[in-house]
Structure formats: C-alpha cells, structure tokens
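# Analysis of the macromolecular model
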Amino acid sequence: MFLKPSYIIAPFLFSFSYNHGCHSSRVVRAAVGVLSFASPLLDKPDGPKVEFNFYIGSDGARNPDDPNDPGLSNAGGNIPDIRIWEENLNFIKIQTNDDNKCEDGSVACQATIEDVEVQPTYTLFSANDDAMCIAYATVNFPGGTANYATTLGGWARTCSENYAGRGGSWYLSDIYIQPQSGGSFKTECAWIDGNGDNPTTGISLHWPEFDGSRGIRNGSSVDYFCKNDAVLQFHTKPDPRGITFWAHKRDIFSRDPSAGYATTPVDAMVKRQKSNEAKAKRTTLKHATSLVKSTSDDHSAKELCDAKTSAGPSFVSFKDRQFCHMEAKTLYPFCEDVKTGACFDNETNKIKALGNARREDLPKLKFTKVMNWN
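Here we summarise the structure given alongside this text. Within each chain, residue numbers correspond to sequence positions counted from 1 in written order. Two thresholds apply to this predicted model, a pLDDT of at least 70 for residue-level local features and 80 or more for giving and counting side-chain atom pairs, whereas whole-chain, interface and lining totals are computed over all residues. To get the side-chain values, take all heavy atoms of the structure and skip hydrogens and water.

## Comments concerning the overall build of the protein
Stated precisely, the cut-off is as follows: Labels follow the DSSP assignment, with helices taken as runs of H or I lasting at least four residues and strands as runs of E lasting at least two, numbered in each case from the N terminus. Relative accessible area decides the class of each residue, using a 1.4 Å probe on protein chains only: under 20% of the type maximum gives buried, over 50% gives exposed, and in between gives partly exposed. Throughout, a contact is declared for two residues whenever any of their heavy atoms are within 4.5 Å. Under the convention used here, a 1.4 Å probe and the Shrake-Rupley method define accessible areas, while residue burial counts only the protein chains that appear.
Along the backbone of the protein there are five helices and 22 strands. Buried positions account for 56% of the 374 residues belonging to the protein. A sequence separation of at least 24 residues applies to 68% of the contacts in the protein between residues at least 6 apart. Accessible surface, the protein as shown: approximately 16300 Å² in total, 46% of it carbon and sulfur.

Okay, here's the thing in structure tokens:
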C-alpha cells in the first residue's frame, strides 16, 4: 500500500540562510524562497477537471518603443504532454499537446484535463518538438480542493549548479515572483524540449511537496528537492513516460527515503513520431541573432555566462556592466569602462578592440532583435 507523506513542505523566508559546500546563497534563495507565492492563475476550477497553467519566462518581454512587437521569439512552444497519477499511484489520464502551442509573445498558457474527480498529486510534463522556457507552473485540483505553484526555472538552475546532473537547462526571465513571505524578484525559466535541441525532455513533480500553507518541516533543505526524484526530476531520456514515487510512509529524519518507479499503462501510451537521435544544434544557436538587455538587479551576465547549463540569447546586464556572448559563453566589459582589450559597445551592439587587442579575433555579431527588460 502506498501512503502519502506524513509531512508537507512549507515556505522559506528570504532571510533563510543555507550554506552547504558550493551552494550559492543567491541561487538557493531563488528556488527555495518561492515554494509558496501568490499567483493570479490559482483559481478554483468548476466541475471534475484539473487545470495546469504555464508562465512563459521570456516571451513577455517586449520592446517598449514598438507597440506591435510580439516579444522575444523561440521561448514559447508546444505545451508539454501531461500525464497524471493520484496519490496511490493509480494512473489517471494523459493529455497530448502536439498541436496545443503557447505562441511566441504569450505570457501564460493553460491546459485543462476534463473528467478528473481525484487529486492528481503526481504529474509528468513530457516535452514536444518545439522548445519552451517555463518560468513557473501551477495546478488547480478538481473542484478547487487544492492548488499549487512552483518555479521550474529556479529549480532547474539551483539543482544543476549545485548537484551535477540533477537540474535542467535554464535562462533568465523577465517574470516577477511575489512570495507570500514578502518581497519580489525575477525568477529563471526552465527549457523543455523533445527534439534534441535541449537536454531536458521532461519534468515530473509531486505537487504536495510544494505547499507553503503549513509549518516548516524540520531538516528541509535544497538537498531534499534536488536529490529526490520522487519530489522533483528533470528528465533527459527521449519522450519520458514514467515517474519516481514515494513507495511508503517515510521517516521524517530519514536520509534515504524509499522510492519506486511507475510508468504509463500500456493502453494509455501514445505512439510518438519523435527521433531518438539528438539534433546537433543547441538552444542557444536558435537565438544567435537575439539580444536581451536588462537593468534588473536580479540579472547577472556573469552568472549566466559562467553557468554550464544556461542556454538562450546573448545578454547584457547593466548591473554588471557586462555582455555575455552566449554562443561562446564569453564575457565582455562595456567599452566605456576599459581602455584596452576586447569590449562590448552598447550603442552599436558590437564587440570592439581597444588598444593592442587583435581585431581579427573578435566575434562578428549581428543582432536582428534587441529586447529591453525594465
């Protein structure tokens, strides 16, 4: 018999201090501080259905000088296929979304699964061929019995930077999060893709772990979320169809809780037309002619460039006064801040050589779309 956990995860305040090995305090805050936050998408659905909402990380950014600008392209994409299980691991349903696209320029997209009367506590999002970058996702259980929200982008970054192979590919976003504990900041977005452009093919999670309405559990840590696949998992195998689940009631102080694995029933599987061979091009190359400029204190070009799992357009941070050329993961200072060497000209959006720097070694940049955040 599969029993639900005897405890629930609660919100951490921004004053929460966690320092374990190489953990970055800012990165940890970005993920853990938003386990509980107010979302305008957390409405109570009527009738036997479950509603999922996806907040797109970059597409909401538009050029303020161009009212017809649709926003940063290639961050929206096909809504992932959705598989749901109830707490006792009975498979409920699958919804395929091959033709259900979250258009470029969209901010929020919704997927509704009808005729569901039980609570879908376990969910697997399996990517389709058109990549999308999700800042956060929400779920509304049937009849409004419960609802949850979490920042998939924050977890993708935190887990990948602090636990090798445990997180997902990510990018910065222009989406504000307002935690119930107070304050606000811009979260990251998590890439999910099924055709090989990006390594993350799916995301599964156990929604009750992300409930911030109850007291803080003793011993809660980033380790708990990033190292337990039953809580949160970033999948890399083609077209994932199964989840890891809690096998039985766990000791609150257990360091090695028991977990099992459940797959989609054979009669509920959908034949896919996806290739198992990953394509050579990377997500970043799809954005090679796009540039994002940000004045936000939450955005760092250096952190983006230094991260092994970040992907997306090249980025300018006015806080850092630096430019990250994402294709080469190379950082350049603003030209007005240096006298020699290669630098970024913020007026022309080009790399220049000052002093004795070799001009022939400079990358040839040609941005056809420049977005201004803030």
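Having seen it, we continue.
## Looking at the pattern of salt bridges
Put simply, the test is: Any Lys or Arg side-chain nitrogen located within 4 Å of an Asp or Glu carboxyl oxygen qualifies as a salt bridge.
Taken as a whole and judged by the stated rule, the model has eleven salt bridges. Note that Arg 157 is salt-bridged to Glu 188, the shortest N-O span being 2.8 Å. Of this pair, Arg 157 sits in helix α2 (residues 152-162) while Glu 188 sits in strand β11 (residues 185-192); the two residues are 31 residues apart in sequence, bridging distant segments of the chain. Of the two residues, Arg 157 and Glu 188, neither departs from the other in class, the shared state being buried. Linking Glu 303 and Arg 157 is a salt bridge whose minimum nitrogen-to-oxygen distance equals 2.7 Å. Here Arg 157 lies in helix α2 and Glu 303 lies in helix α5 (residues 301-306), a separation of 146 residues in the sequence. Overall, the relative accessible area of 28% leaves Glu 303 in the partly exposed class. Residues joined in a network through salt bridges with shared partners are Arg 157, Glu 161, Glu 188 and Glu 303.

## Here we look at the side chain of Asp 193
Selection criterion: Counted as a polar contact is a pair of N or O atoms within 3.5 Å, where, for protein atoms, one must be capable of donating a hydrogen and the other of accepting one, and residues adjacent in sequence contribute only when both atoms are in side chains.
Relative to the helices and strands, Asp 193 is located in the loop between β11 and β12 (202-206). Accessibility expressed as a relative area gives 0% for Asp 193, which makes it buried. There is a polar contact of 3.4 Å between the side chain of Asp 193 and the backbone nitrogen of Ala 131. In terms of polar contacts, Asp 193 uses its side chain to reach the backbone amide nitrogen of Asn 198, at 3.4 Å. Setting aside its immediate chain neighbours within four residues, Asp 193 contacts Ala 127, Asn 128, Asp 129, Asp 130, Ala 131, Asn 198, Thr 200 and Thr 201.

## Thoughts on the state of the cysteines
Rules: Disulfides are defined in this document as cysteine sulfur pairs within 2.5 Å.
In this structure the tally under the stated criterion is four disulfides. Here Cys 159 pairs with Cys 226 through a disulfide, and the sulfurs are 2.1 Å apart. Across the S-S bond of Cys 159 and Cys 226 the torsion is about -80 degrees, and the bridge reads as left-handed. Remark: Cys 226 occurs in helix α3 (residues 222-226) and Cys 159 occurs in helix α2; sequence separation between them is 67 residues. Two residues share a disulfide in this structure: Cys 305 and Cys 324, whose sulfurs sit 2.1 Å from each other. A torsion of 95 degrees about the S-S bond marks the disulfide between Cys 305 and Cys 324 as right-handed.

## What to know about the pairing of strand β13 (residues 232-235)
So the rule is basically this: Strand pairing follows a simple DSSP-based rule, namely that at least 2 bridges must link the two strands.
Burial along β13 is two-sided: the residues Leu 232 and Phe 234 and Gln 233 and His 235 are all buried. Two strands pair when backbone bridges link them, and β12 and β13 are joined in this way by four bridges, in the antiparallel orientation. Paired with Leu 205 across the strands is Leu 232, a residue of β13.

## A word on unusual backbone geometry
Positioned with a positive phi, Asp 239 is a non-glycine residue whose angle comes to about 45 degrees. Mapped onto the fold, Asp 239 is located in the loop between β13 and β14 (242-246). The backbone phi angle of Arg 321 is positive, close to 55 degrees, even though this residue is not glycine. For Arg 321, the location among the structural elements is in the loop between β17 (314-317) and β18 (322-325).

## Observations regarding the packing of aromatic side chains
Let me state the cut-off plainly: Only centres within 6.5 Å qualify two rings of Phe, Tyr or Trp (six-membered ring in Trp) as a pair; their planes then separate them into stacked at under 30 degrees, edge-to-face at over 60, and tilted for everything else.
Counting across every chain of the model gives 17 aromatic pairs. Seen from their ring centres, Phe 315 and Trp 373 are 5.9 Å apart, and the 70 degrees between their planes marks the pair as edge-to-face. Separated by 58 residues along the polypeptide, Phe 315 in strand β17 and Trp 373 in strand β22 (residues 369-373) bring together distant segments of the chain. For Phe 315, a relative accessible area of 0% gives the class buried. Under the relative-accessibility criterion, Trp 373 is labelled buried at 1%.

## Re the sheet that holds β12
Backbone-to-backbone hydrogen bonds pair the strands of a sheet. The strands run either parallel or antiparallel. Stated precisely, the cut-off is as follows: Angles run from 0 to 180 degrees between N-to-C directions of axes, and those axes are lines fitted to C-alpha atoms, restricted for helices to the stretch in contact.
What the five strands build is an open sheet, ordered β4-β3-β7-β12-β13; its pairing is antiparallel. In this open sheet, the two strands that pair with only one neighbour each are β4 (91-95) and β13. Between one strand axis and the next, the sheet turns through 10 degrees on average, direction left out of account. For strand β3 (residues 81-85) and strand β7 (residues 122-126), the ladder comprises five bridges, and the chain directions are antiparallel. Each bridged residue has a counterpart across the sheet, and for Arg 83 the counterpart in β7 is Leu 124.

In short, geometric facts, not functional conclusions.
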